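In case you want the letters, here they are:
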Amino acid sequence: MTILFLYVSVHELFLTFLGILILVLLLIIVVLLYSFHQYKTLTDIHQWSEMIDEKVSEAIVYGPEEQKDNDIFNTYSQESSFRNLFLERLVASEKKFSGGAQDEIKKIFTNYNLQKEALKKLEQKKPHLIAEGIQELTAMKVETAVPKIIPFLKHPSSQVYQEAQYAMVVFQGFQGLHFLNDFPYIISDWQQLRLLRSINLDPDQCQQVVNVWLDSQNISVIIFALRLLRKFQMLAFYDKAKALLAHPAIDVRIETVKALQALETPSTITEFKEIYEEQPLEVQIEILKAMKLSNDPRCADFYKEKLNGTDLPGVKIAAAEALLALGYHNYLLEIIENDSSCPQLVQIIKHALQEKIC
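Residues numbered from 1 in each chain as written. Predicted model: local features only at pLDDT ≥ 70, side-chain atom pairs only at ≥ 80, totals over all residues. Heavy atoms only, no water.

A. Summary view of the packing of aromatic side chains. With the rule as written, the count across this model stands at 10 aromatic pairs. Taking the centre distance of 5.6 Å and the plane angle of 75 degrees together, the rings of Phe179 and Phe183 count as edge-to-face. Accessibility assignment for this pair places Phe179 and Phe183 in one class, buried. When the ring of Tyr328 is compared with that of Tyr331, the centres are 6.4 Å apart and the planes differ by 90 degrees; the resulting orientation is edge-to-face. Aromatic rings pair up to connect Tyr161, Phe179, Phe183 and Tyr185 into one cluster. (Phe/Tyr/Trp six-rings, centres within 6.5 Å; stacked < 30°, edge-to-face > 60°. Buried < 20%, exposed > 50% of the residue type's maximum accessible area, 1.4 Å probe, protein only.)

Okay, here's the thing in structure tokens:
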């Protein structure tokens, strides 16, 4: 009985060991197959990339008439994986070139009907794929895709709605900014810069809509509008912008100071001085920086007052730099050499002088 029990135990142990061994072997096979698949994929991508780059180079250098007909390339161009890589490489190439080279790249895009791949991405669920699709259609100027892109302006993913915003501006110019009228999300600084670089406008034709943006409940929309005033020197909005110096958001006030400096009038410096004391520290420093840009000698006494009459390092630094810009180098040196001068003030002035030298 004992011998039989031992035999059964050894047999079960053997089967367990055999099962583990088989499982390990299966795992090794799976890993090897996966590694081989990854290697083949990378090899294909490298090979395909070279073929695509050669195709693009031929189109740019020789034009469509002298391009060689490549049966292998045409065969690959029917495969989904190749077409997606083809589209990706075309968009990357389009960013590197301009003028006639871009036109040739767009012809390749059209000839191989690659917009199908980009449009398919708009039907996906993953935000990064949708964003890629919008980016590709925008880069290749597929205007017929605008109706499909518009709904993505209200997509919950910032990655998606930012690409949709940019697409609207590329396709429709200033009119493409209509989404700002009731936009609920924050527009990042990077996105604002992107949009501003992409538009041209006649300031006289956008009075009403810019007024709407300046009255927006969305702080980032107000800031964008103020940057718009600066870029296009929209002087008619000076008084409207000045009222925003009382806005609850400090970021809006700071951007307002920058806008007023860009739209400077004969009364701007006086107005800055009048509202200076009632502003938060960050805005006060921005006012000093704005006044410095005016390079107005009449501001010297104001700068001296702020340099010597406050304990706030940020204000002292801005005032010292403004005085230096006006040529008060000797005045600042006298403060340094005066034994009764505050050590902090001496250090700040030395820093300002060193920055000037650099």
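B. Region of interest: the packing of helix 16 (residues 300-308) against helix 17 (residues 313-325). Following both chains from N to C, one finds helix 16 and helix 17 inclined at 150 degrees, their axes separated by 8 Å at the closest point. The way helix 16 lies across helix 17 gives a crossing that is left-handed. Across the interface between the two elements, Ala300, Tyr303, Lys304, Lys306 and Leu307 from helix 16 touch Val315, Lys316, Ala319, Ala320, Ala322 and Leu323 from helix 17. Looking at side-chain class alone, the contact of helix 16 with helix 17 contains eight nonpolar, no polar and three charged residues. (Axes fitted to C-alpha atoms, helices over the stretch in contact; angles between N-to-C directions. Helix = DSSP H or I, 4+ residues; strand = E, 2+ residues; numbered from the N terminus. Left-handed = near helix turned anticlockwise from the far one by under 90°. Contact = heavy atoms within 4.5 Å. Nonpolar A, V, L, I, M, F, W, Y, C, P; charged D, E, K, R; others polar.)

C. The arrangement of the pattern of salt bridges in detail. Going through the model one piece at a time under the given rule, you end up with 15 salt bridges. A salt bridge links Glu255 to Arg227, with the nearest nitrogen and oxygen atoms 3.3 Å apart. In this pair, Glu255 is assigned in helix 13 (residues 250-262) and Arg227 in helix 11 (residues 219-232), connecting sequence segments 28 residues apart. Like Glu255, the residue Arg227 is buried in the burial classification. Across the pair Asp296 and Arg298 runs a salt bridge whose closest N-O atoms are separated by 2.6 Å. Judged by its relative accessible area of 11%, Asp296 is buried. For Arg298, a relative accessible area of 64% gives the class exposed. Here the salt bridges share partners, and the residues they tie into one network are Asp189, Arg227, Arg230 and Glu255. (Salt bridge = Lys/Arg side-chain N within 4 Å of Asp/Glu carboxyl O.)

D. Just a nonpolar patch on the surface, in detail. Nonpolar side chains collect at one region of the surface, where Phe17, Leu18, Ile20, Leu21, Ile22, Val24, Leu25, Leu26, Ile28, Ile29, Leu32 and Leu33 lie side by side and expose about 1100 Å² of accessible area between them. Structurally, the position occupied by Leu25 is in helix 1 (residues 2-62). (Patch = residues over 30% accessible without salt bridge, like charges linked within 9 Å, V, L, I, M, F, W, Y side chains within 5 Å. Areas by Shrake-Rupley, 256 points an atom, 1.4 Å probe, with all protein chains shown as cover.)

E. Structural view of the layout of surface pockets. Put simply, the largest pocket is a space of about 240 Å³. Along its surface, the largest pocket is lined by Glu94, Lys95, Gln102, Gln135, Thr138, Ala139, Lys141, Glu163, Tyr166, Val170 and Arg194. Elements that contribute at least two residues to the lining of the largest pocket include exactly helix 3 (80-96), helix 6 (127-139) and helix 8 (158-172). Per-class residue counts for the lining of the largest pocket are three nonpolar, three polar and five charged. (1 Å grid on protein atoms, 1.4 Å probe; cavity = no way out; pocket = protein on both sides within 12 Å on 5 of 7 lines; lining within 4 Å. Points joined across faces, edges and corners; volume = space filled by probe spheres on them.)

F. Highlighting helix 13. Between its first and last C-alpha atoms helix 13 spans 19 Å; for 13 residues at 1.5 Å apiece the expected length is 18 Å, and the two agree. Buried positions along helix 13 lie against helix 11, helix 12 (238-242), helix 14 (268-276) and helix 15 (281-294). (Expected span 1.5 Å × (residues − 1).)

G. Structural detail: the nonpolar core. By size, the foremost hydrophobic cluster in this structure holds 104 residues, and its most contacted members are Phe174, Leu177, Val210, Trp213 and Leu228. Looking at this core element by element, the count peaks at nine residues for helix 11. Among all residues touching Leu228, those that are not within four sequence positions of it are Phe174, Leu196, Ile199, Leu201, Val210, Trp213 and Met234. (Core = buried A, V, L, I, M, F, W, Y, C linked by side-chain atoms within 4.5 Å.)

H. Quick peek at unusual backbone geometry. Of note in the backbone geometry, Gln233 takes a positive phi value of approximately 50 degrees without being a glycine. Structurally, Gln233 is set in the loop between helix 11 and helix 12. Note on Gln233: relative accessible area 41%, which makes it partly exposed. Its identity is not glycine, yet Asn295 carries a phi of approximately 55 degrees, on the positive side.

I. Molecular detail of the environment of Ala322. Structurally, Ala322 can be placed in helix 17. Looking at Ala322, the relative accessible area reads 1%, which means it is buried. Residues Ala322 and Ala352, spaced 30 residues apart in sequence, show a C-alpha to C-alpha distance of 9.5 Å. Setting aside residues up to four positions removed in sequence, Ala322 forms contacts with Lys292 and Tyr303.

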